[in-house]
Amino acid sequence: RIDVDNGDPYAIPADNPYVNTPGARGEVWAVGLRNPYRFTFDRANGDLYIGSPGQFKREWINYAAGGTAGGKNFGWPVLEGSQCWDLWEGPCDPTGLEMPIYEYETYADGNCVVIGGNVYRGQAYQSIQGVYLFGDYCSGRVWGTARDATGTWQTAQIGQMPGGVDGAFLTSFGEDEAGEVYVTDIDDGLVYRITAE
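As a convention, each chain's residues are numbered from 1 in the sequence order in which they are written. Whole-chain, interface and lining totals are the exception, using all residues; otherwise, since this is a predicted model, local features are given only for residues with pLDDT of at least 70 and side-chain atom pairs are given and counted only at 80 or more. The side-chain quantities take in all heavy atoms of the structure and omit both hydrogens and water.

Engineer: Mind laying out the layout of surface pockets, listing which residues take part and the relevant values?
Structural biologist: Here a cavity is any set of points on a 1 Å grid over the protein atoms alone where a 1.4 Å probe fits but cannot get out, and a pocket is any open set with protein on both sides within 12 Å along at least 5 of 7 lines; a residue lines the site when it has an atom within 4 Å of a point. Grid points are joined across faces, edges and corners, and a volume is the space filled by probe spheres set on the points. As a volume, the largest pocket reaches approximately 420 Å³. Helix and strand definitions follow DSSP, with helices as H or I runs of at least four residues and strands as E runs of at least two, each counted in order from the N terminus. Sorting the residues of the lining of the largest pocket by element identifies strand E1 (39-41) and strand E2 (48-53) as the ones contributing at least two each. Under the convention adopted here, Pro, Cys and the residues Ala, Val, Leu, Ile, Met, Phe, Trp and Tyr are nonpolar, Asp, Glu, Lys and Arg are charged, and Gly plus all remaining residues are polar. For the lining of the largest pocket, a count of residues per class yields 12 nonpolar, six polar and two charged. Roughly 220 Å³ of volume is contained in the second largest pocket. Together, 13 residues line the second largest pocket, and Val142, Gly159, Gln160, Ile194 and Thr195 are the ones closest to its centre. Going through the elements one at a time, strand E10 (153-160) and strand E13 (190-193) are the ones with two or more residues in the lining of the second largest pocket. Here the lining of the second largest pocket gets three residues from one element, more than from any other, and that element is E10. Tallied by class, the residues present in the lining of the second largest pocket amount to nine nonpolar, three polar and one charged.

If you want it as structure tokens, here you go:
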């Protein structure tokens, strides 16, 4: 986290978690991320969602509620998703680590790499209002996840890119000023708008 309005070329906010930690970079806000691929803040509340591709076995979504302090450790390289990483040589103790809100097997059912998306904040489709949408590069599947009334994360597949698991290469999500969400297909060079009933 940096302050682009001050400093040269920027300033570091005094309340960043590692400002006074010897040997650490003051800019760092969180650790334990392997290869985050697309992250977003929910425009309604500042919640942070991070698509987190694994190395061999797991794909997952990390989450931090808006307004929470920095310094979270999302687990890599101790964990791959919520499981101990095969090549980690130290003890596998998840104490103090932030667990993913959703994960799946990397090469199951045509999947291969999670692609982080956006929280739907448009007005056209109230059935997915506040749902975080994300997908998979190889299968073209699009999932939605949100908390239910008990605070438990509920995730379901809500869509499929045209071409299915043999012809869709979902590469990114984006949102417009109205909060409508879009996905891109690198194979066909197309942009699709997500709709719902």
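And the narrative resumes.
Engineer: Explain the pattern of salt bridges to me, using residue names and the numbers behind them.
Structural biologist: Within this document, salt bridges are pairs made up of a side-chain nitrogen of Lys or Arg and a carboxyl oxygen of Asp or Glu, the two lying within 4 Å of each other. For the coordinates displayed, the defined rule picks out seven salt bridges. With a shortest N-O distance of 2.3 Å, aspartate 15 and arginine 1 are connected by a salt bridge. Of this pair, aspartate 15 sits in the segment before E1 while arginine 1 sits in the segment before E1, and the two are 14 residues apart along the sequence. Residues glutamate 98 and lysine 72 are paired through a salt bridge, measuring 3.5 Å at the closest nitrogen-oxygen approach. Linking glutamate 98 in the loop between strand E5 (83-84) and strand E6 (102-105) with lysine 72 in the loop between strand E3 (58-64) and strand E4 (79-80), this pair joins segments that are 26 residues apart in sequence. The rule is simple: take the accessible area with a 1.4 Å probe, protein chains only, and divide by the maximum for that residue type; under 20% is buried, over 50% is exposed, in between is partly exposed. By relative accessible area, which is 27% here, glutamate 98 ends up partly exposed.

Engineer: Please provide a residue-by-residue account of the environment of serine 82, values included.
Structural biologist: Its location among the elements puts serine 82 in the loop between E4 and E5. Its relative accessible area of 34% is what places serine 82 among the partly exposed residues. By definition, residues are in contact when any of their heavy atoms lie within 4.5 Å. Not counting the four nearest positions on each side in its chain, serine 82 is found in contact with Met99, Pro100 and Glu103. At 2.3 Å, the side chain of serine 82 forms a polar contact with the side chain of glutamate 103. We define a polar contact as two N or O atoms separated by no more than 3.5 Å, with the added condition that, inside protein, one atom must be a possible hydrogen donor and the other a possible acceptor, whereas residues neighbouring each other in sequence contribute only through side-chain atom pairs.

Engineer: Outline the pairing of E3, listing residues and values.
Structural biologist: Here E3 lies mainly inside the structure; seven of its seven residues are buried. Side chains of E3 alternate between two faces, with Arg58, Trp60, Asn62 and Ala64 and Glu59, Ile61 and Tyr63 buried alike. A pair of strands counts as paired when DSSP detects no fewer than two bridges linking them. In sequence, E2 turns back onto E3 through a hairpin of four residues. Taken together, the four bridges between E3 and E6 define a ladder with antiparallel strand orientation. Considered in E6, the bridge of arginine 58 is made with glutamate 105.

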